[in-house]
Amino acid sequence: MTAATETHSEHDHSHDDHAQHGMSNAGYIRIALILAAMTALEVSTYYVDFGALFMPVLIILMVVKFFIVVSYFMHLKFDNKLFSFCFYAGLFLAVMVYVIALATFKFFAA
Amino acid sequence: MSDVAVHEADHGTHGHTTTTGLSNNKVAMWLFLGSECLLFGGLISTYMLYRGRVSEGPRPGNVFDIPFTSVSSFILLMSSLTMVLAVSAAQNRDDRGTTLWLTVTALLGATFVGGQVYEFTAMYNEGLGFTTSLFGSSFYALTGFHGVHVTVGIIMLMSLVGIIKRSTIPGDKAEVVELIGLYWHFVDVIWIIIFTLVYLIPA
């Protein structure tokens, strides 16, 4: 195989990989429906009294929705781990820095 | 096939050898999105600290229209679905499907931005200006920065539609659509956080 045909072959392979990358369109629609249902549940907390569960429910839904979009729509679950490291390192640093900053201002004590 | 070539086939560098075996453009986009977490983290934290600091003007509970913002949030969330369908179409080399879904995504994004302009106008008319209170300043800074990100995303989406239609895109079309898709989804996940922390959890 010549260098040119090998490169062409790789190109075709990578397109095939792309096509199999992630999920089918039906899978994406299912994920979107789950996200829509979770958003509806979030909005329902505005109308229905969840009592002590109000805050935990909202925070858990927010975190789960975040990771569903990042994992499935952004393909991090299926992609190379280096991409996950690039993103989660920034996210982890941001969360740590600002949780410490908020704690310094006694935000969590209120 | 060499190890590097195998990596290329696996991760879509499309014949261009890189030291990691991954697309440099994609690594750069993920690093950019990682750094954006710090930008929005700062804005969200500032809002959380200042949302109760209202010396004059309306308080958060008096100006937020939750039903309206819920619809806006749902529209932005669904734009993530249309974006991922555009990426899927691009990977299947379906130019017609790609431009269709990119256009729908841009329209949904424009609807969201239009809703934000309406919301800002309504809030201003209720007496909440940018310098009215620390709450107003931090709220407009946070949601305004997000709105600018969505607007930049819309410009990129429409530019991409034009480029695809003229078939002048260099290199791999699917990867370019995927990169812009990553930016768009990121804007969506940031709104997921803002919607909960700013709108649904009262000060």
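Nothing here was measured: the structure is a model prediction, and the numbers come from that model. (Residues numbered from 1 in each chain as written. Chains lettered and ligands numbered in written order. Predicted model: local features only at pLDDT ≥ 70, side-chain atom pairs only at ≥ 80, totals over all residues.)

Before we move on, could you go through the overall build of chain A and cite the residues and values that matter?
When you go through chain A residue by residue, the secondary structure sums to 4 helices and 0 strands. Going from N to C terminus, chain A has its helices and strands arranged as α-α-α-α. (Helix = DSSP H or I, 4+ residues; strand = E, 2+ residues; numbered from the N terminus.)

Give me the lowdown on the environment of Gln116 of chain B, citing residues and values where you can.
Residue and element names in this part refer to chain B. As for its position among the elements, Gln116 is in helix H5 (residues 95-125). Residue classification places Gln116 among the partly exposed residues on the basis of 19 C-beta atoms within 10 Å. With 43 residues separating them in the primary sequence, Gln116 and Ser159 have C-alpha atoms 23 Å apart. Excluding its chain neighbours within four sequence positions, the residues that come into contact with Gln116 are Thr143 and Gly147. (Buried ≥ 20, exposed ≤ 12 C-beta atoms within 10 Å, placed from the backbone. Contact = placed C-beta atoms within 7 Å.)

I'd like to hear about helix H3 (residues 54-73) of chain A, residue by residue, with values.
When the terminal C-alpha atoms of H3 of chain A are compared, their 28 Å separation across 20 residues agrees well with the 28 Å that a helix rising 1.5 Å per residue should span. Those residues of H3 of chain A not exposed but buried are Met62, Lys65, Val69, Val70, Tyr72 and Phe73 of chain A. The inward-facing, buried residues of H3 of chain A contact helix H2 (25-47) of chain A together with helix H4 (66-91) and helix H7 (173-200) of chain B. Following H3 of chain A by one or two positions, His75 of chain A adopts a phi angle in the positive range, close to 65°. (Expected span 1.5 Å × (residues − 1).)

Give me the confidence of the model for chain A: which residues, what numbers.
On average, residues of chain A carry a pLDDT of 83, and 80% of them reach 70 or more. Note on residues 1-20 of chain A: pLDDT under 50 across the span, and 21 contacts to partners over four residues away in sequence or across chains. (pLDDT = per-residue confidence, 0-100.)

So what's going on with unusual backbone geometry? Which residues, and what values?
Residue and element names in this part refer to chain A. The backbone phi angle of His75 is positive, close to 65°, even though this residue is not glycine. Tracing the chain through its elements places His75 in the loop between H3 and helix H4 (81-104). A positive phi angle, close to 55°, is found at Lys106, a residue other than glycine. Turning to its location among the elements, Lys106 is positioned in the segment after H4.

For the interface of chain B and chain A, give the residues involved together with the corresponding values.
Of the residues lining the interface, 47 residues belong to chain B; the matching set on chain A comes to 46 residues. Looking at the side of chain B that touches chain A, the elements with two or more residues in it are helix H1 (3-11), helix H2 (24-50), H4 and H7 of chain B. In terms of residue count, H2 of chain B provides more of the side of chain B that touches chain A than any other element does, 14 residues in total. A breakdown of the residues in the side of chain B that touches chain A according to their chemical character gives 25 nonpolar, 18 polar and 4 charged. (Nonpolar A, V, L, I, M, F, W, Y, C, P; charged D, E, K, R; others polar.)

Requested: an account of the confidence of the model for chain B, with residues and values cited.
Residue and element names in this part refer to chain B. Across chain B, the average pLDDT comes to 89, with 90% of residues at 70 or higher. H5 holds the highest mean pLDDT among the elements of chain B, 96, whereas H1 holds the lowest, 43. Note on residues 1-13: pLDDT is under 50 here. Beyond four places in sequence and across chains, it has 28 contacts. For this predicted complex, the interface confidence comes out at an ipTM of 0.86, alongside a pTM of 0.86.

For the packing of H2 of chain A against H3 of chain A, give the residues involved together with the corresponding values.
A pair of packed helices is characterised by two quantities: the angle between their axes and the separation of those axes. Residue and element names in this part refer to chain A. Taken N-terminus to C-terminus, the directions of H2 and H3 make an angle of 160°; their axes are 10 Å apart at the nearest point. When the axis of H2 is compared with that of H3, the two are roughly antiparallel. H3 is crossed by H2, and the crossing has left-handed handedness. On the side of H2, the interface is formed by Ile31, Ile34, Leu35, Met38, Leu41, Glu42 and Thr45, while H3 contributes Phe54, Val57, Leu58, Leu61, Val64, Lys65, Ile68 and Tyr72. Partitioning the contact of H2 with H3 into residue classes produces 12 nonpolar, 1 polar and 2 charged. (Axes fitted to C-alpha atoms, helices over the stretch in contact; angles between N-to-C directions. Parallel < 35°, antiparallel > 145°, perpendicular 65-115°, else oblique. Left-handed = near helix turned anticlockwise from the far one by under 90°.)

Residues and numbers for the environment of Leu107 of chain B, please.
Tracing the sequence through the fold places Leu107 of chain B in helix H5. Between the alpha carbons of Leu107 of chain B and Met158 of chain B there is a distance of 9.6 Å; along the sequence they are 51 residues apart.

Go over H4 of chain A, please, and point to the residues and values.
Compared with the 34 Å implied by 1.5 Å per residue over 24 residues, the 34 Å span of H4 of chain A between its first and last C-alpha is a close match. For H4 of chain A, the full list of buried residues reads Phe83, Cys86, Phe87, Gly90, Ala94 and Tyr98 of chain A. Elements in contact with the buried residues of H4 of chain A: H2 of chain B.

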